[in-house]
Amino acid sequence: MAGQDTRTGSVSVFADREEATRHLADWLLQLATEKNEGPFALALSGGSTPQSLYSLMATEPYASRFPWARMQFFLGDDRFLPHDHEDSNFGMMHRLLFSRVPVPAENLHPMPGVGTAEDAARSYETRLKQFYGADTFEADRPLFDVNLLGLGSDGHTASLFPGQPVLKEQTAWVATCVPPAAPYTRITLTYPAIHASRHVVFLVEGAGKKEAVAKVRAQDPSCPASAITAMGDLRWVLDRAASPDA
Ligand SMILES: O=C1O[C@H](COP(=O)(O)O)[C@@H](O)[C@H](O)[C@H]1O
């Protein structure tokens, strides 16, 4: 593993996907068990990259070590689809993780997938505000303990897609996005809601992401991921294939 600090956060590079995934599972387990008071709130990413992490968390020794009863699971984004649709991020998380571990149903906070997308965004924001206990963020009081993010090869993260109006959202915590070159209307956390995290961590794997990682490192403004910040720390977990340095 190699490590370095950049303006965009700390970077850890692992030999392959399996090592990167195991590192992240170990780090999450350490954070969740260290915080022995109150809920441990996570916002999870969708797509294909984190699937091996969710599967790993549902196997031993992780499955019996995570404090599931204290863990609260939110989503960073979802496709506006019924949860049983094969492309629903929540559906994927449920199949790989939630259905296989003793997490209480009331600790799961899916984004609504029926009705209208606008209503779904407003209703999810209300849910987040109830959980946070306030309508505006207080400095140094994060909403999420960990916000796990992915990175698209076009530089999108969560469902913050290049050039879309959602990138300018400074007030709403949750918004809709209709990506021109990707399927489905999306519901996504906005920049301010992602910022309200004790830890923001990107998990990025595969050679197809190397160019996007390099652009974020160079703070290329065409990449939505370049503008991600955190109340606490920002870190990148990469496999060697995704690292511009490898
Ligand atoms: O559409 C999405 O894409 C990104 C990246 O997904 P990946 O399949 O390239 O890993 C993901 O982070 C986001 O949650 C998802 O909705």
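Just so you know, these numbers come straight off a predicted model, no measurement behind them.

### Side note on the side chain of Thr49
Alright, step 1. In this fold, Thr49 is placed in the loop between strand 3 (40–44) and helix 2 (51–57).
Alright, step 2. The buried category is assigned to Thr49, whose relative accessible area is 14%.
Alright, step 3. Beyond its immediate sequence surroundings of up to four residues, Thr49 is in contact with Leu203, Glu205 and Lys209.

### A word on the site of the ligand
Alright, step 1. Gly46, Ser48, Thr49, Asp77 and Lys209 are the nearest of the 13 residues found near the ligand.
Alright, step 2. For the ligand, an oxygen atom lies 2.8 Å from a polar atom in the backbone of Gly46.
Alright, step 3. Arg79 is positioned with one of its side-chain polar atoms (N or O) 3.0 Å from an oxygen atom of the ligand.
Alright, step 4. Across the complex, the protein chains shield 89% of the 390 Å² of accessible surface that the ligand would expose by itself.
Alright, step 5. Class assignment of the residues belonging to the shell around the ligand gives a composition of one nonpolar, eight polar and four charged.

### Describing the nonpolar core
Alright, step 1. If you look at the biggest cluster of nonpolar residues, it comprises 85 residues, and the most contacted ones within it are Tyr54 and Phe73.
Alright, step 2. Ranked by residues supplied to this core, first place goes to helix 1 (residues 17–34) with eight residues.
Alright, step 3. Excluding anything up to four places from it in sequence, Phe73 contacts Leu42, Leu44, Trp68, Leu97, Phe98, Val103, Asn107, Leu108 and His109.

### Some remarks on the sheet that holds strand 8 (residues 186–189)
Alright, step 1. The strand order across the open sheet built from three strands is 5-8-7, with neighbouring strands paired in antiparallel fashion. Whereas interior strands pair on both sides, the edge strands pair on one side only; in this sheet they are strand 5 (77–79) and strand 7 (174–177). Each adjacent strand pair in this sheet contributes to an overall mean axis angle of 20°, direction not counted.
Alright, step 2. Inspection of the sheet shows strand 5 paired to strand 8 by three bridges, in the antiparallel sense. Bridge assignment links Arg79 to a residue of strand 8, and that residue is Arg186.
Alright, step 3. With respect to the sheet, helix 5 (residues 117–132) is in contact with strand 7 and strand 8, its orientation differing from that of strand 7 by roughly 160°.

### Observations concerning the pairing of strand 3
Alright, step 1. In terms of burial, strand 3 is a largely internal element, five of the five residues being buried.
Alright, step 2. Burial along strand 3 is two-sided: Phe40, Leu42 and Leu44 facing one way and Ala41 and Ala43 facing the other are all buried.
Alright, step 3. In terms of strand pairing, strand 3 meets strand 4 (residues 71–75) through five bridges, oriented parallel. What sits directly across from Ala43, in strand 4, is Phe74.
Alright, step 4. Where strand 3 meets strand 6 (residues 144–149), two bridges bridge the pair, whose relative direction is parallel. Opposite Leu42, over in strand 6, you have Val146 as the bridge partner.

### Considering unusual backbone geometry
Alright, step 1. Of the consecutive residues Glu60 and Pro61, the connecting peptide bond is found in the cis state with omega at 5°.
Alright, step 2. For Pro61, the location among the structural elements is in the loop between helix 2 and helix 3 (62–65).
Alright, step 3. Despite not being glycine, Asp140 has its phi angle at roughly 65°, a positive value.
Alright, step 4. If you trace the backbone, Asp140 turns up in the loop between helix 5 and strand 6.
Alright, step 5. Judged by its relative accessible area of 69%, Asp140 falls in the exposed class.
Alright, step 6. The backbone of Gln219 shows a phi angle near 55°, a positive value even though the residue is not glycine.

### Concerning the UniProt feature "domain: Glucosamine/galactosamine-6-phosphate isomerase" (unreviewed entry) in the protein
Alright, step 1. The feature "domain: Glucosamine/galactosamine-6-phosphate isomerase" (unreviewed entry), as annotated in UniProt, sits at residues 16–236 in this numbering.
Alright, step 2. For the annotated span residues 16–236, helix accounts for 30% and strand for 18% of the residues, and the straight-line distance between the end C-alpha atoms is 14 Å.

Rules used throughout
- Residues numbered from 1 in each chain as written.
- Predicted model: local features only at pLDDT ≥ 70, side-chain atom pairs only at ≥ 80, totals over all residues.
- Heavy atoms only, no water.
- Helix = DSSP H or I, 4+ residues; strand = E, 2+ residues; numbered from the N terminus.
- Buried < 20%, exposed > 50% of the residue type's maximum accessible area, 1.4 Å probe, protein only.
- Contact = heavy atoms within 4.5 Å.
- Near = heavy atom within 4 Å.
- Polar contact = N/O pair within 3.5 Å; in protein donor to acceptor, adjacent residues only side chain to side chain.
- Areas by Shrake-Rupley, 256 points an atom, 1.4 Å probe, with all protein chains shown as cover.
- Nonpolar A, V, L, I, M, F, W, Y, C, P; charged D, E, K, R; others polar.
- Core = buried A, V, L, I, M, F, W, Y, C linked by side-chain atoms within 4.5 Å.
- Pairing = 2+ DSSP bridges.
- Axes fitted to C-alpha atoms, helices over the stretch in contact; angles between N-to-C directions.
- UniProt positions renumbered as here; feature names shortened; annotations may be inferred.

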